[in-house]
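Structural characterization, general
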Amino acid sequence: MDQLKISEFIKDVTLFGTLNEDQIILLSSNLEEIHFKKGGFIFKENSERDAVYAIYEGEVELFKSTPFGEEKRLSFFQKYDFMGEGSLMDNSPHSTTARALTDVTVLALSKDKLNELFESETDLAAKVYKYLAKLVARRMNQANMHLINVGSQYVSGRTRTEHDLLGDREVPAEAYYGVQTLRAMENFNISGTNISFYPVFPQALAMVKMAAAKANNELGLINDEITNAIVEASDEIIKGKWHKNFAVDMIQGGAGTSTNMAANEVIANRALEILGHRKGEYKYCHPNNHVNLSQSTNDAYPTAVKIALILNNRRFIDVLKELIFSFHEKARDFRDVIKMGRTQLQDAVPMTLGQEFEAYAVTLEEEIERIEENVRLFLEVNMGATAIGTGINSEPEYSEKCIKHLRDITGLDIKLAGNLVEATQDTGAFVMYSSAIKRTAIKLSKICNDLRLLSSGPRTGLNEINLPPMQPGSSIMPGKVNPVIPEVVNQIAFKVIGNDITVTLGSEAGQLQLNVMEPVIVQSIFESVEMLKNGMEVLRYRCIDGITANVDHCRELVHHSIGIVTALNPILGYEICNNLAKEALKTGRSVYDLVVEQNLMTEEALIEALAPENMISPKKMH
């Protein structure tokens, strides 16, 4: 490779960015050009660190192997990025593997040559190590901000400088987010859950930005080239790419501005690449001037949230339907299992276990209609309202055009709110939907309470059903197995109820033309839906589908129950039946024996009347 080309390339490698011309020439003369075919390994996990690699051409993925042999992708590197700088710092082996995603050319500087160079060129060494110290500090900061994201520590080390109202900041060169997202990541390390945790959220944000770009293009506000780049970048996000760059915490100050700017910056930087420019060259496609044109956070953010919740609700309903199906299946399996019904935890009258489980299925079926009724409220949006609903900084036809494109992109029957000032400050739809989710959670919790009671014992409780054993139940009591799955669903329900209170208080806290509490409202609803969805899946697969009935025990409880005296009410009258119940309770004798002994009915008539099968549905009384 031409020496001049290598020197020019080295100037753009951040690790060597502070070197003077003579130092760059000296460094360049020590570089070795190495080629890797697609799929080749630049280095492997646990191999010796022997060189620093600067990528001249191609793309490299960094991944780590799990104990189960799976590959966990951590990061991507491309031209001007460098790897293996750890060889300058210690003798530990590589902790990751670097594999070529395309044909790759690297310029390698061996560890031995580096050490020789640093011994003779102390100023050069000082500059490199000074940058390495900054890099380590930045990586630690990244990792600390997002401990759940193991890939955070594997930023490439290369940076670009961006500026905003508060000044200049260095942004990781491989990041598609920009300076405002970076500040939000630093400011709002709150819940540990960022917006990319819910994939429908970045997708919905991209749908809104795509629709806005198309509307602005129709109005002649953005040229075709920039529009097409924004649309392509948005489409990639809709298809699942670049989500990790939406790294802002779900709970944030600023009424969602950080989330909106994350979308603007990611889409702008990806659009710049599509246009043939580098990330950060915003004069060609700007996050605010182009991606956010004709919008405000106050209309783009809630519109995206509503679309995301509609999309998210589809899977929630699917999971709920699957759980309902399981209850119906159990109702069929248990249709002939006679047992005692109970009210106030006291014996009532006989029923079948199938009737009990069928009731669970039906009560949950009611929730589908309620939830879908409330999620339809999200179809009304305020796109074009901009800051407070007056539509400032948008053209008169913008709302209509944007809504039309949103319908096409989402496939949803989205409608523009009748009064945009009202719609911008109103969060009533969130309250209604959260309430419907809470109602479902309450019903599920009640069902789980029942399952725990029905399976209680096994010797000293009801013991009518057996829950699948999931794990040992005690560190001190051998043989104990707890109803852990219903218990965890109970706890999920408590969390959902608490989140609903948060939504209620957040909605009430709105002031004048905007409710700045929308982020915590949104986080609470997303969390409730996610936890409840996961809880229902666990409940179905790890509990309901494996329940069995203790048939003989259920029937025996019916035969010995005082509650069956209710069936004799139409024949003997309430007073006689009341006396029979009192005597049976006092003496411990069965109702059957007392009726025969007192000659109140013939034995044949008594058998017919007290047959459990005849007491589980209405019968003619004369």
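Quick look at the structure, then. Fair warning: this is a prediction, and the values are worked out from it, not measured in the lab.

Our next topic: the overall build of the protein chain. Scanning the protein chain from terminus to terminus reveals 21 helices and 16 strands. The C-alpha radius of gyration computed for the protein chain amounts to 34 Å, which surpasses the reference 25 Å derived for 622 residues by more than 25%, pointing to a less compact arrangement than a globule. Put simply, the protein chain has 622 residues, and 52% of those count as buried. For the protein chain, long-range pairs separated by at least 24 residues make up 73% of all intrachain contacts whose partners lie at least 6 apart in sequence. When the accessible surface of the protein chain is totalled, it reaches about 29,200 Å², and 52% of it is carbon and sulfur.

Looking at chain direction, strand β11 (residues 338-343) and strand β12 (residues 346-352) are connected through five bridges and run antiparallel. Pairing of T343 across the sheet is with Q346, part of β12. Counted between consecutive antiparallel strands, the loop separating β11 from β12 contains two residues, among which Q344 sits at a positive phi close to 55°.

Here we take up the sheet that holds strand β6 (residues 82-83). The four strands lie next to each other as β1-β8-β3-β6, forming an open sheet whose pairing is antiparallel. Single-partner strands in this sheet number two, and they are β1 (32-36) and β6. One ladder, built from two bridges, connects strand β3 (residues 51-57) with β6; its direction is antiparallel. Bridge pairing links Y53 to M83 in β6.

The final tally for this structure, using the stated rule, is 36 salt bridges. Here E21 and K11 are joined by a salt bridge, their closest N and O atoms 3.4 Å apart. Separated by ten residues along the polypeptide, E21 in helix α2 (residues 21-28) and K11 in helix α1 (residues 3-11) bring together distant segments of the chain. Its relative accessible area of 30% is what places K11 among the partly exposed residues. A salt bridge links R183 to D164, with the nearest nitrogen and oxygen atoms 2.6 Å apart. On the criterion of sequence distance, the pair formed by R183 in helix α5 (residues 179-187) and D164 in strand β9 (residues 159-164) is long-range, its members being 19 residues apart. Of the two residues examined, R183 and D164, each falls in the buried class.

We now examine the side chain of K401. Position of K401 relative to the elements: it lies in helix α12 (residues 398-410). By relative accessible area, which is 19% here, K401 ends up buried. For K401, the contacting residues outside a window of four places in its chain are A215, E218 and L219.

This part takes up the state of the cysteines. On inspection of all chains with the given rule, the structure shows zero disulfides. Among the cysteines around C543, which has no disulfide bond, C448 carries the closest sulfur, lying 6.9 Å off. Left unpaired, C554 is separated from the closest cysteine sulfur, that of C543, by 16 Å. You can call C554 buried: its relative accessible area is 0%.

The rules behind each value
- Residues numbered from 1 in each chain as written.
- Predicted model: local features only at pLDDT ≥ 70, side-chain atom pairs only at ≥ 80, totals over all residues.
- Heavy atoms only, no water.
- Helix = DSSP H or I, 4+ residues; strand = E, 2+ residues; numbered from the N terminus.
- Rg over C-alpha atoms; globule rule 2.2 N^0.38 Å.
- Buried < 20%, exposed > 50% of the residue type's maximum accessible area, 1.4 Å probe, protein only.
- Contact = heavy atoms within 4.5 Å.
- Areas by Shrake-Rupley, 256 points an atom, 1.4 Å probe, with all protein chains shown as cover.
- Pairing = 2+ DSSP bridges.
- Salt bridge = Lys/Arg side-chain N within 4 Å of Asp/Glu carboxyl O.
- Disulfide = S-S within 2.5 Å.

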